[in-house]
Amino acid sequence: MHNENQSLIFELSKEGRVGYSLPALDVPDFDLSELLPEGFVRQEAAELPEVAELDIMRHYTALSRRNHGVDSGFYPLGSCTMKYNPKINETVARLSGFANIHPLQDETTVQGAMELLYDLQTSLVEITGMDEVTLQPAAGAHGEWTALMMIRAFHEANGEGHRNKVIVPDSAHGTNPASASVAGFETITVKSNEEGLVDLEDLRRVVGEDTAALMLTNPNTLGLFEENILEMAEIIHGVGGKVYYDGANLNAVMSKARPGDMGFDCVHLNLHKTFTGPHGGGGPGSGPVGVKADLIPFLPKPVLVKKEDGSFHFDYNRPQSIGRVKPYYGNFGINVRAYTYIRTMGPQGLKEVTEYAVLNANYMMRRLEQYFDLPYNRHCKHEFVLSGRRQKKLGVRTLDIAKRLLDFGYHPPTIYFPLNVEEGMMIEPTETESKETLDAFIDAMIQIARETEENPSIVQEAPHTTVISRLDETRAARTPILRYTKIEG
Amino acid sequence: MVHRYLPMTEQDKKDMLATIGVESVNELFSDIPESVHFQGLYNIKEAKSESALLKELKQLAAKNKDTETNVSFLGAGIYNHYKPVIVDHVISRSEFYTAYTPYQPEISQGELQAIFEFQTMIAELTGMDLANSSMYDGGTSLAEAGMLAAGHTRRKKLLVSDAIHSEYRDVVATYAYGQSIEIVNIPTKNGVTDIDQLKELIDDNTAAVMVQYPNFFGQIEDLQVIGDIAHEAKGLFIVSANPLALGILTPPGKLGADITVGDAQVFGIPESFGGPYCGYFATTTKLMRKVPGRLVGETVDQEGRRGYVLTLQAREQHIRREKATSNICSNQALLALAASVAITALGKKGVQDMAKQNIVKTRYAKNAFEAAGFTVPFQGAHFNEIVVKTNKAVNEINKQLIQDGIIGGFDLGTVYPELQNHVLIAVTELRTKEEIDALVEKMGAYNA
């Protein structure tokens, strides 16, 4: 990585430089005072940079060199499915007929785009085993909230508005309880058992006539398949609740088990994970939601339908809908990429995606289990969780191991998650990595385990090769500096 | 099958199975109960080769009427603006777009610094103390602002101007329902929020007053007056602002706004049929710890070098779970980067120049419509949109315009029943005099 003191774009600014080219004004000019009342015109200009084009390119190129992406190197960040982002997806999303269409154009002028969305919707219905899919939610958490709002509307429509509890396992993603709160529910946590699965006894204890839903990731965040899924669905359905599938880990079960067949009533997917989004440095995402028939009336508006004459239409006549969750129709650009990916893989390809994702994770787990503690020793799915408690006894924390991995050119695993594993390291290799890449990473992990015993300081003081060393996060939070301020003089 | 995204060979697979100690990959799925074990393959379309798929999707794209080959006067929240060519070159660098959230700051300084710069640019444009790293879009950002206001004031009512984008209002209403917050609409008068009605409606249970700037009709609201009314009732003042207009207009931060939100789509982001866009969220230092979403802050490393980290994370869902300020877990980092590059390219002067061209060209269009005999009902100060009254149905006129390669304006009657036969025309810096003249002429002909 590029190792230099890095200026902010504002520090490169010099009065009088420009980086743009606007057409000359070809209509009569006006003085702003003729067009706007006094007080409406800005008195102090926004302090934005003044930089010429080459220096803008050099600035952002320098920033890119201080950033690690999947194309830079292995990125086994658990639960994030950092697989290869196909380049054809980027080309297709930039086709003018997709990139340069306005969401409020007359439907007859955007039938190609609507056809793509409809075909994507139909494919996701098949992949999830649900009855209908909406592509509107902007991201996974947005999809969770959308689905919970639908569950709430369903209960209210049945005169059961008193159902105000959402059950979430202790291993759940943090978005689950947060989404439940935003949708107006209270969260109840259900424990995991010694095998890392939801404790059925505890689940039976917490359900009741106030149960609105159970939110579940399967495989769960330990990478383990919830074998008792049918029994769990029965327990929830038995008391009148709905079962929600957090699709963050769908990469583990495509073509092997469909949420709709496992008893789930609704599901959100993260198209930026399983379906190669890409992740964009933190977003944009896309979080479609699939539902079973009895939730269809509550889908957010509008619903994309195919008419008898074969044309596509956005249906707003949905009296029981929860309403709009987002302006327009979702993150179209991401949906185009996901569609391109599905069409690239086809049915056989998607099956192999899951098989290699699971093969790779199990291979890594077995090669690493001698060197790190493996709290749950059984076949994993697309990811597995190691514990650094053995290393912690030697004074090396999981955070140190993660930082040491940076020296080898890797993005570390997800750490300290799920919360029910001490010093957790959640590793998700994905199917797009070669055996050589996996082996090289495993060797690095083994070397770090050895260093922990022989020379712990090299791990404790890592990273040694990055453009910057460990940052003072306490200082950042205690005296927040959230913007650049020009120092005068 | 061998696929270009799947690098394992048959030999690799054998070796790996041996290491794991199983005979076949299927054994790894033995924990899936038989009755739900999916058999066979998905019933979806067969895979296509790279070239064949590209050909098919190009044909599909060509079925759409785009704003590059047609001349667009459609705005209503999403605009056809100048996009500096460098924007796409920067966001196509895969170190940016194939990365995820910068959880490991040592190898994510590029993304973190880019966001820190974005936060600064938004704070500058809006005149607010600080901005977050971005939100899904302008609509959900406005909804989150409403939720923050209700939580902060412990009040359960939002006053929402009818001159806010109807789809934004709909999103606010959905979020509000989840939190049992009441929505009260403030009617408009002469195309702006009706101040007298606002005074009538506001009470001591009002969490916030929400307006749009410029509003949905392109008219510029008097923020100072509305903000004072909100504050007198001890409610918050929330403004949804077009950040390009803020190149010229007095920023909400100088006019009493407590929260300013909006969409940075106007800066280098294509229309893309509804998304992804780039919501922004800016507020005061006082509300800093209640902001939804991610924030990047400056700090130092062990050697005292300046660096950036995700900060104030105690607000967020992965720490606070059900007590988080919001459930938002991602941001629109790549679009925030795109907007930053566009704002940088335009710079201090370009943002003003471009904003001014929008106002001046829209004024030219307004005069031309009036000269051609059209009525422009709202005569207040405007930015880059005007409302034009027609004799014939707007969708009929638009159907004829598209035959001439013109994408007509937004049919206001679809949202405001009282505005049947009224069209919202957007005129950006990209529209030439010739194009505006042609629009007025054709509309005159089709309206007769």
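Residues numbered from 1 in each chain as written. Chains lettered and ligands numbered in written order. Predicted model: local features only at pLDDT ≥ 70, side-chain atom pairs only at ≥ 80, totals over all residues.

### Digging into the overall build of chain B
- Helix and strand counts for chain B stand at 13 helices and 16 strands.
- The dimensions of chain B, computed from C-alpha atoms along their principal axes, are 80 × 55 × 50 Å.
- Counting only residues that meet the buried cut, chain B has 62% of its 448 residues in that class. (Helix = DSSP H or I, 4+ residues; strand = E, 2+ residues; numbered from the N terminus. Buried ≥ 20, exposed ≤ 12 C-beta atoms within 10 Å, placed from the backbone.)

### Topic: the overall build of chain A
- Counting secondary structure elements, chain A contains 15 helices and 12 strands.
- For chain A, the spread of C-alpha atoms along the principal axes amounts to about 75 × 70 × 45 Å.
- In chain A, which comprises 489 residues, the proportion classed as buried is 58%.
- Taking the contacts inside chain A whose residues are at least 6 apart along the sequence as the reference set, 72% of them involve residues at least 24 apart. (Contact = placed C-beta atoms within 7 Å.)

### A short note on the sheet that holds strand β2 (residues 130-131) of chain B
Residue and element names in this part refer to chain B.
- With mixed pairing, the seven strands of this open sheet are ordered in space as β2-β10-β9-β8-β7-β3-β4. Either end of the sheet is taken by a strand with one partner, and the two such strands are β2 and β4 (182-186).
- The pairing of strand β9 (residues 259-263) with strand β10 (residues 279-283) spans five bridges and is antiparallel. Across the sheet, Val261 pairs through a bridge with Phe281, a residue of β10.
- Across the face of the sheet, helix α7 (residues 166-178) comes into contact with β3 (157-161), β4 and β8 (236-241) while running at roughly 170° to β3. (Pairing = 2+ DSSP bridges. Axes fitted to C-alpha atoms, helices over the stretch in contact; angles between N-to-C directions.)

### Focus on the interface of chain B and chain A
- If you look at the interface, chain B gives 165 residues, while chain A gives 167 residues.
- With 24 residues, helix α11 (residues 333-371) of chain B is the largest single contributor of residues to the side of chain B that touches chain A.
- Broken down by class, the residue content of the side of chain B that touches chain A amounts to 80 nonpolar, 48 polar and 37 charged. (Nonpolar A, V, L, I, M, F, W, Y, C, P; charged D, E, K, R; others polar.)

### Side note on the packing of helix α5 (residues 109-126) of chain B against α11 of chain B
Residue and element names in this part refer to chain B.
- Taken N-terminus to C-terminus, the directions of α5 and α11 make an angle of 60°; their axes are 9 Å apart at the nearest point. For the element pair α5 / α11, the angle class is oblique. In this structure, α5 crosses over α11, and the sense of that crossing is left-handed. Two secondary-structure elements touch here, α5 through Glu111, Ala114, Ile115, Glu117, Phe118 and Met121 and α11 through Ala333, Ala336, Leu337, Ala339, Ser340 and Ile343. (Parallel < 35°, antiparallel > 145°, perpendicular 65-115°, else oblique. Left-handed = near helix turned anticlockwise from the far one by under 90°.)

### Describing the domain arrangement of chain B
Residue and element names in this part refer to chain B.
- Taken as a whole, chain B is organised into domain 1 (71-82 + 347-447) and domain 2 (86-342).
- Between the C-alpha centres of domain 1 and domain 2 the distance comes to 27 Å.
- Taken together, the contacts link 23 residues of domain 1 with 18 residues of domain 2.
- Per element, the largest residue contribution to the side of domain 1 that touches domain 2 is six residues, and it comes from α11. (Domains from an automatic or database assignment.)

### What to know about the sheet that holds strand β15 (residues 410-411) of chain B
All names here are of chain B.
- Pairing in this open sheet of three strands is antiparallel, and the strands run β13-β16-β15 from one edge to the other. With one partner strand each, in any of the chains shown, β13 (385-389) and β15 form the two edges of the open sheet.
- Across two bridges, the pairing between β15 and strand β16 (residues 422-426) is antiparallel. Looking across to β16, one finds that Asp411 is bridged to Val423.
- Its contacts with the sheet put α11 on β13 and β16, and the angle it makes with β13 is roughly 10°.

### Regarding the pairing of strand β2 (residues 165-169) of chain A
Residue and element names in this part refer to chain A.
- Of all five residues in β2, five are buried, a share of seventy percent or more.
- Judged by which residues are buried, β2 turns out to be covered on both faces: Lys165, Ile167 and Pro169 on one side and Val166 and Val168 on the other are all buried.
- Sheet analysis places β2 next to strand β3 (residues 186-190), joined by five bridges and oriented parallel. Its bridge partner being in β3, Pro169 is matched across the sheet by Val190.
- In this region the chain leaves β2, passes through helix α7 (residues 175-182) and returns to the parallel neighbour β3; the handedness of that crossover is right-handed.
- Sheet topology note: the β2/strand β4 (residues 211-217) ladder contains three bridges and is parallel. Across the sheet, residue Ile167 finds its bridge partner in β4, namely Leu214. (Right-handed = clockwise from strand over helix to strand, strands pointing away.)

### Observations regarding the confidence of the model for chain B
- For chain B, the mean per-residue pLDDT works out to 97, and 100% of the residues sit at or above 70.
- Both confidence scores are given for the complex: pTM 0.98, ipTM 0.98. (pLDDT = per-residue confidence, 0-100.)

### Quick notes on the environment of Lys356 of chain B
- By secondary structure assignment, the location of Lys356 of chain B is in helix α11.
- Overall, the presence of 19 C-beta atoms within 10 Å leaves Lys356 of chain B in the partly exposed class.
- Along the chain, Lys356 of chain B and Leu244 of chain B lie 112 residues apart, while their C-alpha atoms are 9.6 Å from each other.
- Contacts of Lys356 of chain B, omitting those with residues within four sequence positions, involve Leu32 of chain A together with Ile248 of chain B.

### Some remarks on the nonpolar core
- Counting 294 residues, the largest nonpolar core has Met150 of chain A together with Ala339 of chain B as its most contacted members.
- Broken down by element, the residue count for this core peaks at 20 residues, all from α11 of chain B.
- Counting residues domain by domain, this core receives three or more from each of domain 1 (71-82 + 347-447) and domain 2 (86-342) of chain B.
- If we skip the residues at most four places from it in the chain, Ala339 of chain B touches Phe118, Ala264, Phe267, Gly268, Ile269 and Cys278 of chain B. (Core = buried A, V, L, I, M, F, W, Y, C linked by C-beta atoms within 7 Å.)

### Focus: α7 of chain A
All names here are of chain A.
- A large share of α7 lies buried, amounting to eight of its eight residues.
- Among the residues of α7, those classed as buried are Thr175, Asn176, Pro177, Ala178, Ser179, Ala180, Ser181 and Val182.
- Just downstream of α7 lies Gly184, where phi reads positive at about 90°.

### What about the environment of Gln403 of chain B?
- Within the secondary structure layout, Gln403 of chain B lies in helix α12 (residues 394-403).
- Separated by 118 residues in sequence, Gln403 of chain B and Thr285 of chain B place their C-alpha atoms 52 Å apart.

### A short note on the pairing of strand β9 (residues 312-315) of chain A
Residues and elements named next belong to chain A.
- Here strand β8 (residues 303-306) runs beside β9; their pairing, made up of four bridges, is antiparallel. Each bridged residue has a counterpart across the sheet, and for Leu304 the counterpart in β9 is Phe314.
- Turn length for the β8-β9 hairpin, with the two strands adjacent in sequence and antiparallel, is five residues, and the turn residue Gly310 shows positive phi of about 90°.

### Structural notes on the packing of helix α5 (residues 111-128) of chain A against helix α10 (residues 332-368) of chain A
All names here are of chain A.
- Across the interface, α5 lies against α10 with an axial gap of 10 Å and an inter-helix angle of 60°. By the angle class used here, α5 and α10 are oblique. Two packed elements cross with a definite hand, and for α5 against α10 that hand is left-handed. Taken together, the residues of α10 that come into contact with α5 (itself represented by Ala113, Leu116, Leu117, Asp119, Leu120 and Ser123) are Phe332, Asn335, Val336, Ala338, Tyr339 and Ile342.
- Looking at the contact of α5 with α10 residue by residue, the classes come out as nine nonpolar, two polar and one charged.

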